[in-house]
Amino acid sequence: MGLQFFRGIGRFFGLHTVWIIFLFGMVTMARADKVWMENGDVISGKIMGLEAGKLTVSTRYAGNITINWRHVRALETDQPLWVGLIGEKEAQQRQLKSNGDQLTIVDPDGYERSFSAVWPVAEILTEQPVLAANWDIAGKVNFGLDSDQGQDKETTFTLSGNLDINDEWNKNSFKWDIEVETEDDADSSTKEWELGYAYSRYFTEHWFVQGSLDQEYDSAEDLRSRLTLGGSLGYRFRETVKETVITTVGLTHLWEDYQLEDNQRNLAVTTGLVYRKKLIDNLEYYFNSKLFYRLNSGQQWLFDGEHGLRVGLSESLSLNLMHYLDYDSIPTEGADKTSSQIKVGIGYSW
């Protein structure tokens, strides 16, 4: 009687122990954090943190792995973590949710915001951080050298690039393009440069307003300089590591100074397009343009654009092939309607 009783107890606890272990395993698997990558992969594990653009995930099958934040599309956390957004003074305990196509950030008060990419997130920590999240700073520099050892022995140096300083809703973009061409026999040189700044204020993930200022100078052409100042309404269709599509429309003042012709002052309707597409892992195509329609001048259409390819050589270095195109529907006397230029250079990004 006693033996049968103890055997029954053993069978009872043994069965329940199996069920407890099984259920614990199922709960553990269900509570894993998930990371959706741009290439379609899904990584399950425990998110350890995001710092300096690197996401660390602890997995059962590969230990701790480090992922470049640029290649993350969305993520979901099982428990609230200390999440800092770009431009915030300090991180807060937030829940991150996703269905793989978008990211939802849940604030401590339960307020939810959804985004089509992970760009608002600046840092993720498992413990309350001591320092606040910083602004996001990124940029590119491209250097080119073209030497023609023909009769004139021309050498052209180019230096171009951009610097972006952004927080969650504000974007500051600086750009520059400098070209110096020297002729050894004539002991002379020509200079051409462009400087620009644009400020964008986002009100939603997609809608924003933008103010921009650009200055161009050319020492060789009749059009010595062009200054543009304007404001636009913009819409961002998408902005991820794989693709960017942003459009703007607005009004711009143009001041054009000539060496031989009368100077021009015009008000123009302006449309802009910023497009970028990753074709394969290390090959990217981009197209940036502005189209001006002059309202108070017979010189109606003006187009200023560039497009090109970037071939990634490493995480920071790239080989760049660029084509610049300018079009004026009614140019000044002696000038061409269309001028174009091809540049090749080495780029560095950070």
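Keep in mind it's a predicted model, so treat the numbers as computed, not measured.

(A) Local environment of the overall build of the protein chain. A tally of helices and strands in the protein chain yields 1 helix and 22 strands. The buried share of the protein chain, taken over its 350 residues, is 36%. The contacts of the protein chain with a sequence gap of at least 6 include a subset with a gap of at least 24, amounting to 46%. Of the accessible surface of the protein chain, which amounts to about 20,400 Å², a share of 58% is contributed by carbon and sulfur atoms.

(B) The pairing of strand β20 (residues 301-312), seen in detail. Judged from the 11 bridges that link them, strand β19 (residues 283-294) and β20 form a sheet pairing that is antiparallel. Residue pairing across strands places Tyr285 opposite Leu309, the latter belonging to β20. Relative to strand β21 (residues 317-328), β20 runs antiparallel, the two sharing 11 bridges. From the neighbouring strand, Leu302 faces β21, where its bridge partner is Asp328. Where β20 hands over to β21, the hairpin turn is made up of 4 residues, counted between the paired strands.

(C) View of the nonpolar core. If you look at the biggest cluster of nonpolar residues, it comprises 23 residues, and the most contacted ones within it are Val35, Leu55, Leu75, Val121 and Ile124. Elements supplying a minimum of two residues to this core: β1 (33-37), β2 (42-51), β3 (54-59), β5 (72-76), β6 (81-85), β8 (103-106) and β10 (121-125).

(D) Quick look at the confidence of the model for the protein chain. The predicted model of the protein chain averages 82 in pLDDT, with 84% of residues at 70 or higher. When pLDDT is averaged over each element of the protein chain, strand β15 (residues 207-218) comes out on top at 94 and helix α1 (residues 2-30) at the bottom at 47. Counting interchain partners and residues more than four positions distant, the pLDDT-below-50 stretch residues 17-30 has 1 contact.

(E) Local environment of the pattern of salt bridges. For the structure on display, the rule yields 19 salt bridges. The shortest N-O distance in the salt bridge between Glu239 and Lys171 comes to 2.9 Å. Remark: Lys171 occurs in strand β13 (residues 170-183) and Glu239 occurs in strand β16 (residues 223-239); sequence separation between them is 68 residues. Residue Glu239 is classed as partly exposed on the basis of its relative accessible area of 25%. The salt bridge involving Lys343 is made with Asp177; its shortest N-O contact spans 3.3 Å. Taken together, the residues span a long stretch of sequence, with Lys343 in strand β22 (residues 338-349) and Asp177 in strand β13 at a distance of 166 residues. For Lys343, a relative accessible area of 8% translates into the label buried. A relative accessible area of 14% places Asp177 in the buried class. Beyond isolated ion pairs, a larger network of salt bridges with shared partners links Glu216, Arg226, Glu256, Arg294 and Asp328.

(F) Representation of the packing of aromatic side chains. Across all of its chains, the model carries 11 aromatic pairs by this definition. Three or more aromatic residues link up through ring pairs in this structure, and these residues are Phe115, Trp119 and Trp169. Above the ring of Tyr324, the side-chain terminus of Lys343 is found at 4.7 Å from the ring centroid.

(G) Local environment of empty space enclosed by the protein. Taken as a whole, this structure holds 1 cavity of 30 Å³ or more when the rule is applied. Of the pockets and cavities examined, the largest cavity occupies roughly 70 Å³. In terms of lining, the largest cavity is formed by Gln210, Ser212, Thr228, Ser232, Thr248, Thr252, Thr270, Lys290 and Phe292. Of all the secondary structure elements, the ones that give two or more residues to the lining of the largest cavity are β15, β16, β17 (243-258) and β19.

(H) The arrangement of the side chain of Gln210 in detail. For Gln210, the location among the structural elements is in strand β15. Engagement of the side chain of Gln210 in a polar contact is seen with the side chain of Ser200, the distance being 3.0 Å. Those residues in contact with Gln210 that sit more than four places away from it in its chain are Ala198, Tyr199, Ser200, Gly230, Gly231, Ser232 and Thr248.

(I) Fine view of the pairing of strand β4 (residues 63-68). With 6 bridges connecting them, β3 and β4 associate as antiparallel partners. Across the sheet, the residue bridging to Thr56 is Thr66, located in β4. The turn joining β3 and β4, which pair antiparallel and follow one another in sequence, is formed by 3 residues.

(J) Spotlight on the environment of Val274. Tracing the chain through its elements places Val274 in strand β18 (residues 264-280). Along the sequence, Val274 and Val245 sit 29 residues apart, while their C-alpha atoms lie 5.8 Å from each other. Every residue in contact with Val274, bar those within four places of it in the chain, is listed here: Thr244, Val245, Ile246, Phe287 and Asn288.

(K) Focus on the environment of Gly347. Position of Gly347 relative to the elements: it lies in strand β22. Taking the relative accessible area as the measure of exposure, Gly347 reaches 3% and is therefore buried. Dropping the residues within four chain positions of it, Gly347 is found in contact with Val141, Asn142, Ser316, Leu317, Ser318 and Asn320.

(L) Seen up close, the environment of Gly345. Looking at where Gly345 falls in the secondary structure, it is placed in strand β22. Using a relative accessible area of 5% as the deciding quantity, one classes Gly345 as buried. For the pair Gly345 and Ser318, spaced 27 residues apart in sequence, the C-alpha separation works out to 8.6 Å. Setting aside chain neighbours within four positions, we find Gly345 in contact with Asn142, Phe143, Gly144, Ser318, Leu319, Asn320 and Met322.

Conventions and cut-offs
Residues numbered from 1 in each chain as written. Predicted model: local features only at pLDDT ≥ 70, side-chain atom pairs only at ≥ 80, totals over all residues. Heavy atoms only, no water. Helix = DSSP H or I, 4+ residues; strand = E, 2+ residues; numbered from the N terminus. Buried < 20%, exposed > 50% of the residue type's maximum accessible area, 1.4 Å probe, protein only. Contact = heavy atoms within 4.5 Å. Areas by Shrake-Rupley, 256 points an atom, 1.4 Å probe, with all protein chains shown as cover. Pairing = 2+ DSSP bridges. Core = buried A, V, L, I, M, F, W, Y, C linked by side-chain atoms within 4.5 Å. pLDDT = per-residue confidence, 0-100. Salt bridge = Lys/Arg side-chain N within 4 Å of Asp/Glu carboxyl O. Phe/Tyr/Trp six-rings, centres within 6.5 Å; stacked < 30°, edge-to-face > 60°. Lys NZ or Arg CZ within 6 Å of the ring centre and 35° of its normal. 1 Å grid on protein atoms, 1.4 Å probe; cavity = no way out; pocket = protein on both sides within 12 Å on 5 of 7 lines; lining within 4 Å. Points joined across faces, edges and corners; volume = space filled by probe spheres on them. Polar contact = N/O pair within 3.5 Å; in protein donor to acceptor, adjacent residues only side chain to side chain.

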